[in-house]
Amino acid sequence: MRSIQFFKGLKKHRVSILFSLPFLILFFIFTVGPVLGAVVLGFTRYNILEPPVFVGLDNYLRLFLKDDIFMLAMKNTLLFACISAPLSMLACLIGAWMINDFPPIVRAVLTFVFYAPSLAGGAVGIWTLILSGDSYGFLNHFLMQWGFTTEPIQWLSDTQYMFGILLIVTLWGCLGTGFLSYVAALRGVDKTLTEAAAIDGIKNRLQELWYITVPILRPQLMFSALISITGSFGVGTLSASLFGNPSPNYAAHTVVLHMEDYANVRYDLGIACAIATTLFVLTVSANKLIGLFIARVGK
Amino acid sequence: MKMHTIGRIIAGILATVTVANSACLLCLAEDNAEDVVSDGGFGTSTAASVAGLPSFFEYAAQWDAVYPEDVIPVTETGVTELTAGQSLAVDFRVDRAGFYAIKLSYSILRSNGQYPVISLGINGETPYAEAAALNLMRHWENAWDGGGPLTDATLPQQNELYDVQTCYLRDTVRYYSDILYFYLQEGVNTLELRMDSEAITVHGITFENPKQAADYRTVKQGYSLSEYSGEPIYVEGESAVYQSDASLYPFNDPSSASVSPSSPYVKYLNVIGGTNWSSVGQYLEWKVTVPEDGLYKIGIKYRQNTNYALNSVRTITVDGELPFDECKTVAFPYSATYKNLTVTADGEEAWFALTRGEHIIRMEVTVGTLNELLTHVEDIVTQLNDAYRRVVMITGTNPDSLRDYQLETVIPQTLDQLEELRVRLETETAALKALYGGASSGTKIMETMAKQLSKFAEDSINITSSFADFKSNISSLGTWLVDAKKQPLSIDYLCLYGSESEMRRAGAGFWASLKFQLQSFLYTFTDAYMINNKKDTLVVWMSAGSTQHRILKQLVDASFNQEQTGLQVDLKLVNSSLLSAIISGKAPDVALDITAEDIMNFAFRKTGVSISGFDDYTEVAKRFRAGTLVPVTFGDEVYALPQTQRYEVLFYRSDILEELNIKVPDTWDEVISAMAALKKNNLEFGIPLGTSTYTTLLFQRGKSFYNQDLTATAVTDYDSLEAFKTCCSWFIEYKCPISYDGLQRFRTGEMPLLIAGFEMYNNLDILAPEIKGLWGMTMIPGTLREDGTLDRSVSLSGVYSAILKEDHLDAAWEFLKWWTSSETQLRYAQRIEMALGQSGRHNTANIEAFAQLGYSEDVLRVIEQQGDQGVAVPAVPGSYYLNRYLTNAMNKALYQDEDPADALIGFAKTIDEEIAYKREEFGLTN
């Protein structure tokens, strides 16, 4: 009975299904398929070149009970996500809000300027130059010239600076997409609402921001939160290109890097898949949590 | 509304910062580009000491400019063979004192393919710096039968000719770049000709001055032939018949529809010359057939898009004669696109008288107008470096800008010297501007330097406050010097035409170009751009550059016996996708240019093919140092053959060590004593931070990374920990710099002792002409063992070639044997060097071939002795963990003040666990 209903439904919506089919096919082949594959491979021991062997929960046991580095990577990633995601959201919002008050031409120029770093995603090279450990590295040079330090600081290999640097560089780079969506959304805020609010007793622009602008922007907040959470859980390539993979003493080691380490260096794809599955679960739950939180904003 | 304004201000500031960042990025990219200097295929020159010798200009200024017309034969008619290290000394009589040039007839003896280098002595001494190293040109034939257009599938061979050549000796190594004259006194003089590398046969030497050719106006009056009136005659540039270098091969320029011939689908070899044709003395010759006696104009379609605001200059001769004086220097100005140029003289397009039949037109790179200027600037750079070092000795490389070092009282001569250099620089800048009618990159660099020097003169405190700029200004001046000497030129075709016709237009026009580009773009979607392994071929992947690919392809076609194996070799250029190829079953039969780590990763997982089982393996293995095979051996199985080798040696600046009275250190203890003297003068010792230093120290104590049966690490015993502590102490106690640009600091002299890979020899040889003869290389410092011997072991590394599939096993093995053989490696290395220059030298792992690469005797001895002491780390499952945790332990010791030994011991267990885990995976017993 149920299946008949299902087929009836298919027939009824056949045009809509036909239209979404190209996307669905690609989505299943390149997204759903690999995700399912990773879940399955997570239960095997697989070195890429030889066929996988089923080992049950061994990989997870090894990860959670034996692998200190995985725990370190988890800690780094979570800490990173907790700091960078809200910060980047806030930065995007404030930035967009401020830019919004400029005349259109200036606004366009500024929007481009803020968006540029995310276009030039590969331009972390500039940071390695600024932070070069040589005494002729930019930052070291100025610090030494102004007498803050007498010998060059190894920004990219001294563990105490690495996490902070990763945070700054990530924030610099990710002001992009989320920011752009805020700029667009702010244009759509109905002027009459702010006028009405002014009559109703809004005293300053901060109040206006909190009670009017932000609630209207809720869909964009949601979007931006998703982007930044996924972004900060997936941070890795940036760290690898700044500090190498693995970074000295794993100071900037993240879950994604740990996964790459297992897959590309140690040829342990089974464990890498187990990590990927863990990360997947983590990201999905974090997104749900954020969703709940955003729903309360401005209420 | 206050928030409003603040918001704007903050946003403005943020924006400025971001923009500044990107601007910064741009200018840095430019700087980096400047550092990449190739040397256009120039041969080696010996490091004969030229310190203290005058330049030619200084030498020539001593006497009146008298150039007698006498011809003084020096040798008897007999021929003399000269090989490297030999010399020839002859007495001869001079009737009239004056300046004479040397005309030398010689032929090349079969040898390494580099330029022969000679040096000259008159009456027992080298008269000036330029005479200390002279390159002689070789003679090559472009073996192309002329049938059908050339494509990249039919690369023509370049064959060397060993016939007799005659030329006036000229400087091609330094900056004078013209015919050299020697002042001879009346009476008996002695000429000494020393062969520094390669070998020649001398057929005759005479002292005589070249005759001055008549100028065009005079020559024109003597013309009796009529002007040619037929169709223009085109000669494609790529059809050149003779040339001085094998690197002057035709190449494909797909950039434009106007290049002849061109096609969006076929890669025609349609241009010749380019950046390889840029050093003085290099020539190309074309055969031209003219239909009737007459007067012809010579037009050339060329492109010179490298040296902005500078001319490339060529001498044009017809059948070995200079038609008129103006042909001596034909200037080709900068042009970003192809352009027509007709040879002009006396303000009009010049006519050349040619008889009916075949003629040889030769274009030879000749002195630019810059030679004297460059010689002066070279001297200025040398002196600036010297001054820089003198300041470093007082202030250190990172002077405190708040401190007054009292440089006026400590080194007053140096400040005077700087002021004098500023005046000289300004003179040279003005001269350069006058020559090219305006500012160029050269004048900018010199002006910047001069401006900085004038600031220094205002107040010596400015020296310390902009010290890093000072250094980078000096080095960009040095780089410009190397660049400005080069005169690259690409030639599409030559054209002989007369009064009734014109040359074809050089551009293709808008619509033709658009069509061409569109077609090229669409063609990229076709099969020609796919990687498909054909079934019945031996597929070989290499991951080097396209030059390497082209050269190896030529070698395979020419000398690998494909009939014997019954398979065609399909050589492909594929970068870093071996793993994916293996998984998808598209792995090549043979892979070149792979690391030992990669091949062992495959081998441990049963994908590599062991080659130690072949009957003749032991024979083949003798081609290499035993150590180089260690990283690809596991148990009894060997999985790859080495291609190149690399290890470290010690470079030293003899001038600075002498000045500070430091002996070149033989042991690490001697380095420590030298450190005191270096530190006192604010100079540094360069030693790489990383596992290579630790490995070397460990090996020198007779220890190894792993235990006997390679199941666990052995880094925690007493001696090994000592080695680790010593390694860390270089950075903790002696404060050696952790990251640095070794080449630059060695050049400026702030790092007079430097441990670096021996390949740096080649870079220093080319890129640092200003310190030629002032530095040397020797074996790495050793450790004194208990039995009294000095152990100078060094850590070896290299790149490998391996078989990945068993489908065509025998053919693959044949290929590998052919590829690593002495002949192939040597020919490959020579051709690579011709194309990329000395800095791209292929340091082959084949011992026999390595000896013939072109290193001079003494340099080769050092490199070989050091290599014989080379030890390599064996392959172990999970070996990457050791490297990783060694770095981590060093990191802890260096930045977290942890005791080095403690740090390493703490990690030893983790490493052992990983090795055990991986051994278990590969089914090995623990």
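Along each chain, the written sequence defines residue order, and numbers are assigned to residues from 1. Whichever chain is written first is A, and whichever ligand is written first is 1; the rest continue in order. Totals for whole chains, interfaces and linings use all residues, but because this is a predicted model, local features are given only for residues with pLDDT of at least 70 and pairs of side-chain atoms are given and counted only at 80 or more. The side-chain values count all of the structure's non-hydrogen atoms but skip hydrogen atoms and water molecules.

Caption draft 1: Quick peek at the overall build of chain B. On a plain count of helices and strands, chain B comes out with 28 helices and 40 strands. Scaling as 2.2 N^0.38, a compact globule of 926 residues should have a C-alpha radius of gyration of about 29 Å, and chain B matches this with 31 Å. Within chain B, buried positions represent 56% of all 926 residues. Computed with the Shrake-Rupley method and a 1.4 Å probe, the accessible areas treat only the protein chains shown as cover for residues. Split by element, the accessible area of chain B, about 38100 Å² in all, is 51% carbon and sulfur. Asp and Glu are treated as the negative residues and Lys and Arg as the positive ones, with His and the ends of the chain left uncounted. For this purpose, a charge sits on NZ of Lys, CZ of Arg, CG of Asp or CD of Glu. One finds the centroid of the 74 positive side-chain charges in chain B at a distance of 5 Å from the centroid of its 121 negative side-chain charges. Numbering of helices and strands runs from the N terminus, with a helix taken as a DSSP run of H or I at least four residues long and a strand as a DSSP run of E at least two residues long. Our radius of gyration looks at C-alpha atoms and nothing else; its globule reference is 2.2 Å times the residue count to the power 0.38. Buried residues are those whose accessible area, probed at 1.4 Å on protein chains only, stays under 20% of the maximum for their type, while exposed residues exceed 50% and partly exposed ones sit between those limits.

Caption draft 2: How the structure looks around the pattern of salt bridges. All names here are of chain B. Salt bridge, as applied in this entry: a Lys or Arg side-chain nitrogen positioned within 4 Å of an Asp or Glu carboxyl oxygen. Under the criterion given, the structure shown has 48 salt bridges over all chains. Here glutamate 192 ties to arginine 194 by a salt bridge, and the two come within 2.9 Å at their closest N and O atoms. Residue classification places glutamate 192 among the partly exposed positions, given a relative accessible area of 24%. Judged by relative accessible area, which is 23%, arginine 194 ranks as partly exposed. The structure contains a network of salt bridges with shared partners spanning Asp386, Arg389, Arg390, Arg653, Asp655 and Glu659.

Caption draft 3: Fine view of helix α6 (residues 412–436) of chain B. All names here are of chain B. Here, expected helix span is obtained from the residue count minus one, scaled by 1.5 Å. With 25 residues, α6 ought to run about 36 Å at 1.5 Å a step, and its terminal C-alpha atoms sit 37 Å apart, in line with that. Of all the residues in α6, the buried ones are Thr414, Leu415, Gln417, Leu418, Leu421, Arg422, Leu425, Glu428, Thr429, Leu432 and Tyr436. We call two residues contacting when some pair of their heavy atoms lies within 4.5 Å. Among the structural elements, α4 (371–395), α5 (407–410), α7 (441–458), α8 (461–465) and α9 (467–484) are those in contact with the buried residues of α6. Positive phi shows up at glycine 437, right after α6, with a value of about 60°.

Caption draft 4: Broad picture of unusual backbone geometry. All names here are of chain B. The linkage connecting serine 260 with the following residue, proline 261, adopts the cis geometry, with an omega of -15°. Secondary-structure assignment places proline 261 in the loop between β14 (242–243) and β15 (272–274). With a phi angle near 55°, aspartate 593 is a residue other than glycine that sits in the positive phi range. Note on placement: aspartate 593 falls in strand β28 (residues 590–594).

Caption draft 5: Summary view of the confidence of the model for chain B. Residues and elements named next belong to chain B. Each residue carries a pLDDT score, the predictor's own confidence in it, on a scale running from 0 to 100. Taken over all residues, the pLDDT of chain B has a mean of 84, while the share at 70 or more is 92%. Every residue in residues 11–49 is under pLDDT 50, and counting partners more than four places away or in other chains gives 73 contacts. Complex prediction metrics read pTM 0.74 and ipTM 0.75.

Caption draft 6: Representation of the side chain of B:Ser490 within the structure. All names here are of chain B. Tracing the sequence through the fold places serine 490 in strand β25 (residues 489–497). Judged by relative accessible area, which is 7%, serine 490 ranks as buried. When sequence neighbours within four positions are dropped, the list of residues in contact with serine 490 reads Phe251, Val271, Ile272, Gly274, Lys301, Tyr302, Arg303 and Tyr338.

Caption draft 7: Spatial organisation of the packing of aromatic side chains. When two rings of Phe, Tyr or Trp (its six-membered ring) have centres within 6.5 Å they constitute a pair, described as stacked for plane angles under 30 degrees, edge-to-face for angles over 60, and tilted for the intermediate range. Tallied over the full model, the rule gives 58 aromatic pairs over all chains. Judged by centre distance (5.3 Å) and plane angle (25°), the ring pair of A:Phe142 and A:Trp146 falls under stacked. In this structure A:Phe142 comes out as partly exposed when scored by relative accessible area, which is 35%. Each ring, one from B:Tyr694 and one from B:Phe724, has its centre 5.4 Å from the other, and the planes form 85°; the classification is edge-to-face. Of the two residues, B:Tyr694 sits in helix α19 (residues 691–700) while B:Phe724 sits in helix α20 (residues 718–732), which places them 30 residues apart along the sequence. Residue B:Phe724 is classed as buried on the basis of its relative accessible area, which comes to 0%. Here the aromatic cluster, defined as three or more aromatic residues joined through ring pairs, consists of B:Phe56, B:Phe57, B:Tyr59, B:Trp63, B:Tyr67, B:Phe99, B:Tyr128, B:Tyr181, B:Phe182 and B:Tyr183. Its end group placed over the ring of B:Tyr917, A:Arg62 keeps NZ or CZ at 3.7 Å from the ring centre. To sit over a ring, a charge needs its Lys NZ or Arg CZ within 6 Å of the ring centre and within 35 degrees of the ring normal. Note that B:Arg362 overlies the ring of B:Tyr283, its terminal NZ or CZ placed 3.7 Å from the centroid.

Caption draft 8: Helix α11 (residues 546–559) of chain B, seen in detail. The end-to-end C-alpha separation of α11(B) is 20 Å, in line with the 20 Å expected for 14 residues at 1.5 Å each. Every buried residue of α11(B) is listed here: B:Gln548, B:His549, B:Arg550, B:Ile551, B:Leu552, B:Gln554, B:Leu555 and B:Val556.

Caption draft 9: Seen up close, the nonpolar core. Residues and elements named next belong to chain B. With 118 residues, the main nonpolar core has Leu384, Leu418, Phe470, Phe651, Phe685 and Tyr694 as its most contacted residues. Setting aside residues no more than four positions away along its own chain, phenylalanine 685 makes contact with Leu650, Trp668, Val671, Met675, Leu678, Trp730, Cys736, Pro737, Met751, Leu753 and Ile755. Buried Ala, Val, Leu, Ile, Met, Phe, Trp, Tyr and Cys residues form a nonpolar core when they are joined through side-chain atoms within 4.5 Å. Leu592, Ile611, Ala802 and Ala812 belong to the second largest nonpolar core, which has 63 residues in total.

Caption draft 10: Region of the structure containing the sheet that holds strand β27 (residues 568–573) of chain B. All names here are of chain B. The sheet built from five strands is open, its strands ordered β27-β26-β28-β39-β31 with mixed pairing. Both outer strands of the open sheet, β27 and β31 (641–646), are each paired with one neighbouring strand and no more. The mean inter-strand angle of the sheet, taken between neighbouring strand axes irrespective of direction, is 15°. Where α11 meets the sheet, its contacts fall on β26 (537–542), β27 and β28, and the angle it forms with β27 comes to roughly 175°. The pairing criterion is simple: DSSP has to find at least two bridges between the two strands. Every axis corresponds to a line fitted to the C-alpha atoms, with the helix fit spanning only the stretch in contact, and the corresponding angles, defined between N-to-C directions, vary from 0 to 180 degrees.

Caption draft 11: Layout of the layout of surface pockets. All names here are of chain B. Of the voids in this model, the second largest pocket is the one considered here, and its volume is about 1500 Å³. Using protein atoms alone on a 1 Å grid, points that fit a 1.4 Å probe yet trap it form a cavity, whereas open point sets bounded by protein on both sides within 12 Å along at least five of seven lines form a pocket; residues with an atom within 4 Å of a point count as lining. Lining the second largest pocket are 39 residues; nearest its centre among them are Tyr168, Arg170, Ile179, Thr317 and Glu364. Only β4 (98–108), β6 (134–135), β9 (165–168), β16 (283–290), β18 (312–318) and β24 (357–365) provide two or more residues apiece to the lining of the second largest pocket. Element by element, the count of residues in the lining of the second largest pocket is highest for β9, at four residues. Grid points are joined across faces, edges and corners, and a volume is the space filled by probe spheres set on the points.

Caption draft 12: Structural detail: the packing of α6(B) against α7(B). Residues and elements named next belong to chain B. With their axes 9 Å apart at the nearest point, α6 and α7 run at an angle of 155° to one another. Between α6 and α7, the interaxial angle falls into the category roughly antiparallel. α6 and α7 meet at a crossing whose hand is left-handed. Note on element contacts: α7 touches α6 through Gly442, Thr443, Met446, Glu447, Met449, Ala450, Leu453, Ser454, Phe456 and Ala457, opposite Leu418, Glu419, Leu421, Arg422, Leu425, Glu426, Glu428, Thr429, Leu432 and Lys433. By the convention adopted, Pro, Cys, Tyr, Trp, Phe, Met, Ile, Leu, Val and Ala count as nonpolar, Lys, Arg, Asp and Glu as charged, and the other residues, Gly among them, as polar. A class-by-class count of the residues in the contact of α6 with α7 yields 10 nonpolar, four polar and six charged. By the definition adopted for this analysis, an angle is roughly parallel if under 35 degrees, roughly antiparallel if over 145, roughly perpendicular if from 65 to 115, and oblique otherwise. Crossing handedness follows the turn of the near helix against the far one: under a right angle anticlockwise gives a left-handed crossing, and clockwise gives a right-handed one.

Caption draft 13: Examining the environment of B:Lys451 more closely. Mapped onto the fold, B:Lys451 is located in helix α7. Counting along the chain gives 262 residues from B:Lys451 to B:Asn189, while the straight-line C-alpha distance between them is 48 Å.

Caption draft 14: Main features of the interface of chain B and chain A. Opposite the 53 residues of chain B that make contact, chain A presents 46 residues. In short, buried area is how much 1.4 Å probe accessible area vanishes from two parts on joining, totalled over both. Taking both sides of the interface into account, the surface hidden between chain B and chain A amounts to around 4500 Å²; carbon and sulfur atoms contribute 57%. The largest per-residue losses of area from chain B upon contact with chain A belong to B:Arg605, B:Arg884 and B:Tyr917, which jointly make up 14% of the total buried on that side. Summed over the shared surface of chain B and chain A, the number is five salt bridges. The partner of A:Arg266 in a salt bridge is B:Glu914, with the nearest N and O atoms 2.8 Å apart. Throughout this description, a polar contact denotes any pair of N or O atoms lying within 3.5 Å of each other; where both atoms belong to protein, one of them has to be capable of donating a hydrogen while the other can accept it, and for residues adjacent in sequence the pair is counted only when both atoms sit in side chains. Applying the counting rule to chain B against chain A returns 13 residue pairs in polar contact (both at pLDDT 80 or more). Elements that contribute at least two residues to the side of chain B that touches chain A include exactly α1 (2–35), α9, α13 (578–583), α14 (596–604), α27 (880–895) and α28 (900–921) of chain B. Element by element, the count of residues in the side of chain B that touches chain A is highest for α1(B), at 14 residues. Split into classes, the residues belonging to the side of chain B that touches chain A amount to 24 nonpolar, 14 polar and 15 charged.

Caption draft 15: Quick peek at the packing of α11(B) against helix α24 (residues 822–836) of chain B. Residue and element names in this part refer to chain B. In contact at an axis separation of 10 Å, α11 and α24 are set at 140° when each is read in the N-to-C sense. Relative to α24, the element α11 is oriented oblique. Helix-helix and strand crossings are classified by hand; for α11 and α24 the assignment is right-handed. Packed against α11, whose contacting residues are Thr547, Gln548, Arg550, Ile551, Leu552, Gln554, Leu555 and Ser559, the element α24 presents Thr824, Arg827, Tyr828, Arg831, Ile832, Ala835 and Leu836 at the interface.

Caption draft 16: Focus on a nonpolar patch on the surface. All names here are of chain A. Patch definition: residues with relative accessible area over 30% and no salt bridge; like charges joined within 9 Å; nonpolar side chains (Val, Leu, Ile, Met, Phe, Trp, Tyr) joined within 5 Å. A contiguous nonpolar surface patch, about 1000 Å² in accessible area, is contributed by Leu18, Leu21, Phe23, Leu24, Ile25, Leu26, Phe27, Phe28, Ile29 and Phe30. The topology assignment puts phenylalanine 23 in helix α2 (residues 14–41). Residue classification places phenylalanine 23 among the exposed residues on the basis of a relative accessible area of 54%.

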